[in-house]
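# Understanding the architecture of this molecule
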Amino acid sequence: MVAELSALRDQIDEVDKALLALLAKRLTLVAEVGEVKSRHGLPVYVPEREAVMLASRRQEAEQLGVPPDLIEDVLRRIMRESYTSENDKGFKTLCPELRPVVIIGGNGQMGRLFGRLLQLSGYQVNVLEPEDWGQADALLANAGMVIISVPIHVTQQVIHQLPPLPADCILLDLASVKREPLQAMLAVHSGPVVGLHPMFGPDVGSVAKQVVVYCDGRQPEAYQWFLQQLQVWGVRLHRIDAAEHDQNMAFIQALRHFTTFAYGLHLTQEKVQLEQLLALSSPIYRLELAMVGRLFAQDAQLYADIIMSSDDNIQLIKRYYRCLGEAIKLLDCSNKKEFIQRFQQVGQWFGDYAQRFLLESRTLLRQANDNR
């Protein structure tokens, strides 16, 4: 038995080595693709090409008796690595005549990310930090674009401190709230203004497939090239009104971050042993716990700013608190029948999305289990 297993394992090792060689060859080809895209200003991420390729590979896998989900999982992981490696090739400069870009807060994590992408695209980038404010007039006098990348609670203050900018300079911010910063930028600058909200953290390996929300301010024709530059980086753009953006972010960010904060706070007060929770957890609970723990590995000031950025957020959280109280009444009364009715009502509200999310979550749960 030992000899038989050893022989089979040797064959598996040989297949693995062949797979490695093929992966290396694929990455080499991807690098060449990246060079072509860079020269011609083509986007890193082309959803149509990806969808067609995955559909073809799934069909071919099925014909070979290979689970289609397996090849899709493998290819998606390879493509993620490919998008990251394509960054190293740089990107085409869509606006070569642009004067220097100044990133206020450019030494912060998000500022550094945008600075690196702009430099990879051939633009000159200067950084302005609080301690350099004495040089602000000189740095900004010839700026072609100014990016505000500072904490939310000082964003408007920084905007109002800006000296007069060149009339054609593009002024934009990266804050996760949009209405008030956009109004402030429009008030201090008569030229092109746009609000951006990157819907990702600065630790992403590539911005391919990542969403950037943008809110038009003034003279959108002046910054269309920059929106196209974002798409060249692989970004998916979503245009929205600033007030509507903030209303949606109340649910996507403020409410979710607060409930995560409250859950983490409750775990500490209950003196739960994390090691035991992890040892006993199912893949889905481990994933949920990881998302809770992820929050507390980041900047507390950032999340305080997001949650407390508006009274609307606070009122939404209070309504959630009242809803939670109503749900607890079902437990106090042991009202299983009404619990089931409410549960089914929510399921009907989700509609087809409930089944869709069930299928999507299975992939995440498999990956969470693989990483154990």
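Read on for a plain summary of the structure. What you see is a predicted model, and the numbers here were worked out from it, not measured in a lab.

## A few points about the pattern of salt bridges
- For the structure on display, the rule yields 15 salt bridges.
- Close ionic contact of E60 with R57 constitutes a salt bridge, the shortest N to O distance being 2.7 Å. With a gap of three residues between them, E60 and R57 both fall in helix α2 (residues 47-63), about one helical turn apart.
- Accessibility expressed as a relative area gives 36% for E60, which makes it partly exposed.
- We note a salt bridge from R58 to E72, for which the minimum N-O separation is 2.6 Å. With R58 in helix α2 and E72 in helix α3 (residues 68-87), this pair connects stretches of sequence that are 14 residues apart.
- Residue R58 is classed as partly exposed on the basis of its relative accessible area, which comes to 27%.
- Given the relative accessible area of 18%, E72 is considered buried.
- Three or more residues joined by partner-sharing salt bridges are found here, namely E50, R58, D69, E72, R76 and K209.

## Quick word on the pairing of strand β4 (residues 170-173)
- What you see with β4 is no split at all: I170 and L172 on one side and L171 and D173 on the other are buried throughout.
- Note that strand β3 (residues 145-148) and β4 share four bridges and pair parallel. Along β4, the bridge assignment pairs M145 with I170.
- The pairing of β4 with strand β5 (residues 193-198) spans three bridges and is parallel. Each bridged residue has a counterpart across the sheet, and for L171 the counterpart in β5 is V193.

## Looking at the side chain of E129
- On the secondary structure map, E129 appears in the loop between β2 (125-128) and α5 (136-140).
- This buried residue, E129, is left without a salt bridge; R112 holds the nearest opposite charge, at 7.5 Å.
- Of the polar contacts made by the side chain of E129, one reaches the backbone nitrogen of N107; its length is 2.7 Å.
- Excluding residues that lie within four positions of it along the chain, E129 makes contacts with G105, G106, N107 and G108.

## Notes on helix α1 (residues 2-40)
- Helix length check: α1, at 39 residues, gives a terminal C-alpha distance of 57 Å against a target of 57 Å (1.5 Å per residue), a fit within 8%.
- Every buried residue of α1 is accounted for by V30, G34, K37 and S38.

## Regarding a nonpolar patch on the surface
- On the surface, Y320, L324, I328, L331, F339, I340 and F343 cluster together into a nonpolar patch covering about 710 Å² of accessible area.
- Counting only elements with at least two residues in the nonpolar patch, the list comes to α13 (311-332) and α14 (336-350).
- Tallying contributions element by element places α13 first for the nonpolar patch, with four residues.
- With respect to the element layout, F343 can be found in helix α14.
- F343 sits in the exposed class, given a relative accessible area of 58%.

## Comments concerning the pairing of strand β6 (residues 211-218)
- With six bridges connecting them, β5 and β6 associate as antiparallel partners. Bridged to V194 within β6 is D216.
- By the bridge criterion, four bridges tie β6 to strand β7 (residues 236-239) in an arrangement that is parallel. Counterpart to Y214 in the pairing with β7 is R239.
- Read from β6 through helix α8 (residues 224-232) to β7, the crossover connection turns out right-handed.

## Observations regarding the state of the cysteines
- Tallying each qualifying case throughout the model produces zero disulfides.
- Note on C95: no disulfide assigned, nearest cysteine sulfur contributed by C169 at a separation of 12 Å.
- In this structure C95 comes out as buried when scored by relative accessible area, which is 7%.
- Free of any disulfide, C333 has its nearest neighbouring cysteine sulfur in C323, separated by 16 Å.

## A word on the sheet that holds β2
- Pairing is mixed in the open sheet, where seven strands are placed in the order β2-β1-β3-β4-β5-β6-β7. Unpaired on one side and paired on the other, β2 and β7 mark the two borders of the sheet. Across the sheet, the mean angle separating the axes of adjacent strands is 25 degrees when strand polarity is ignored.
- Set on the sheet, helix α4 (residues 109-120) makes contact with β1 (101-104), β2, β3 and β5; between it and β1 the angle comes to about 170 degrees.
- In the packing of α8 onto the sheet, the strands contacted are β3, β4, β5, β6 and β7, and the crossing angle to β7 comes to about 140 degrees.

Cut-off values and rules
Residues numbered from 1 in each chain as written. Predicted model: local features only at pLDDT ≥ 70, side-chain atom pairs only at ≥ 80, totals over all residues. Heavy atoms only, no water. Salt bridge = Lys/Arg side-chain N within 4 Å of Asp/Glu carboxyl O. Helix = DSSP H or I, 4+ residues; strand = E, 2+ residues; numbered from the N terminus. Buried < 20%, exposed > 50% of the residue type's maximum accessible area, 1.4 Å probe, protein only. Pairing = 2+ DSSP bridges. Lys, Arg positive; Asp, Glu negative; His and termini not counted. Polar contact = N/O pair within 3.5 Å; in protein donor to acceptor, adjacent residues only side chain to side chain. Contact = heavy atoms within 4.5 Å. Expected span 1.5 Å × (residues − 1). Patch = residues over 30% accessible without salt bridge, like charges linked within 9 Å, V, L, I, M, F, W, Y side chains within 5 Å. Areas by Shrake-Rupley, 256 points an atom, 1.4 Å probe, with all protein chains shown as cover. Right-handed = clockwise from strand over helix to strand, strands pointing away. Disulfide = S-S within 2.5 Å. Axes fitted to C-alpha atoms, helices over the stretch in contact; angles between N-to-C directions.

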